[in-house]
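Okay, here's what each chain looks like letter by letter:
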Amino acid sequence: MFLLPVSFSINADYFFLQFTIPIDNGDSVKNAEADSQRTLYPYVTGTSIVAIKYKDGVLMASDMGGSYGSTLRYKNIERMKAIGKHSLLGASGEISDFQEILRYLDELVLNDNMWDDGNSLGPKEVHNYLTRVMYNRRNKFNPLWNTLVLGGVKNGESYLGMVSMIGVSFEDNHVATGFGNHLARPILRDEWHADLSFEDGVKLLEKCMRVLLYRDRSAINKLQIAKITEEGVTVSQPYSLKTFWEFKAFNNPTAGAEGSW
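Below you will find a few notes about this structure. Everything quoted here is computed from the prediction, not taken from an experiment.

1. Regarding the overall build of the chain
Check the secondary structure of the chain and you find seven helices and 15 strands. A buried classification covers 39% of the 261 residues belonging to the chain. Counted over contacts in the chain with a minimum sequence separation of 6, partners at least 24 positions apart contribute 60%. On the chain, roughly 15800 Å² of surface is accessible, and the fraction owed to carbon and sulfur atoms is 53%.

2. Let's talk about the packing of helix H2 (residues 95–115) against helix H3 (residues 123–139)
Close contact between H2 and H3 brings their axes to 12 Å; oriented N to C, the two are set at 130°. By the criterion of interaxial angle, the relationship of H2 to H3 is oblique. Crossing of H2 over H3 shows right-handed handedness. Taking contact as the criterion, the partners of Ile101, Tyr104, Leu105 and Leu108 in H2 are, on H3, Val126, Tyr129, Leu130, Val133, Met134 and Arg137. When the residues that make up the contact of H2 with H3 are grouped by side-chain class, the tally is nine nonpolar, no polar and one charged.

3. A look at empty space enclosed by the protein
All told, the structure shown has two cavities of 30 Å³ or more when counted by the stated rule. Lining the largest cavity we find Ile83, Gly84, Lys85, Val109, Asp112, Asn113, Ser120, Leu121 and Val126. The leading source of residues in the lining of the largest cavity is H2, at three residues. Residue composition of the lining of the largest cavity, by class: four nonpolar, three polar and two charged.

4. Quick look at helix H6 (residues 198–215)
For H6, spanning 18 residues, the distance from its first C-alpha to its last is 26 Å, which sits close to the expected 26 Å at 1.5 Å a residue. Every buried residue of H6 is listed here: Gly201, Val202, Leu204, Leu205, Glu206, Cys208, Met209, Leu212 and Leu213. Considering only its buried residues, H6 is in contact with strand S4 (49–54), strand S5 (57–63), helix H4 (180–183), helix H5 (185–191) and strand S14 (223–229).

Here is what the cut-offs are and how they apply
- Residues numbered from 1 in each chain as written.
- Predicted model: local features only at pLDDT ≥ 70, side-chain atom pairs only at ≥ 80, totals over all residues.
- Heavy atoms only, no water.
- Helix = DSSP H or I, 4+ residues; strand = E, 2+ residues; numbered from the N terminus.
- Buried < 20%, exposed > 50% of the residue type's maximum accessible area, 1.4 Å probe, protein only.
- Contact = heavy atoms within 4.5 Å.
- Areas by Shrake-Rupley, 256 points an atom, 1.4 Å probe, with all protein chains shown as cover.
- Axes fitted to C-alpha atoms, helices over the stretch in contact; angles between N-to-C directions.
- Parallel < 35°, antiparallel > 145°, perpendicular 65-115°, else oblique.
- Left-handed = near helix turned anticlockwise from the far one by under 90°.
- Nonpolar A, V, L, I, M, F, W, Y, C, P; charged D, E, K, R; others polar.
- 1 Å grid on protein atoms, 1.4 Å probe; cavity = no way out; pocket = protein on both sides within 12 Å on 5 of 7 lines; lining within 4 Å.
- Points joined across faces, edges and corners; volume = space filled by probe spheres on them.
- Expected span 1.5 Å × (residues − 1).

Okay, structure coming up:
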């Protein structure tokens, strides 16, 4: 900013007026950049989500850990939420970004209900909406650091899909995020079938979560399993899995490795 004196001559009387003229010397650009923030890296994150279709709907499993870097700082974070009447959302990644996505979805569901036309958003519509949101934020170089799993049931049809943080999406009979994509999907490919009962589906998800507990340092032994059917969403109370740590490979995992003691 600069102060420029301006003088007027009227009947030989001089009036000196001093006023401010905004001149862009780069400060406004710097201020705009300072006000515009980007999530450069996630702070508090959740690990894998595993979900499958079963004969009556969709089952989804998640632990309740929240990692602050390498520290398991929080142990009571719910990462599965009901969306509207027909959908269930699970998220890996940055917890605060997941909360922002839930805010978007609350507005979406509210606006849909305000039409009062007897129709409601189904899981496919919500999945497509999330794909557009994630891709839009990615194009702004301000991504939401989450991988999302969206399951639901509407008009008797089960739906299960996934969206990555850059907007890559697909639909499948079983999906998993994080380490689950590497450790749980092989189990699901071998053991999943379309006529799974609720009990068998829960056992299959528990098997996947137990493997992740053994192999993923960010996983904790406190999980929830949610189901969605035509009747709605039900999320279990948190519980722990029975584990066995006496395998020989666990006693001295670096035995024989170069540089080990």
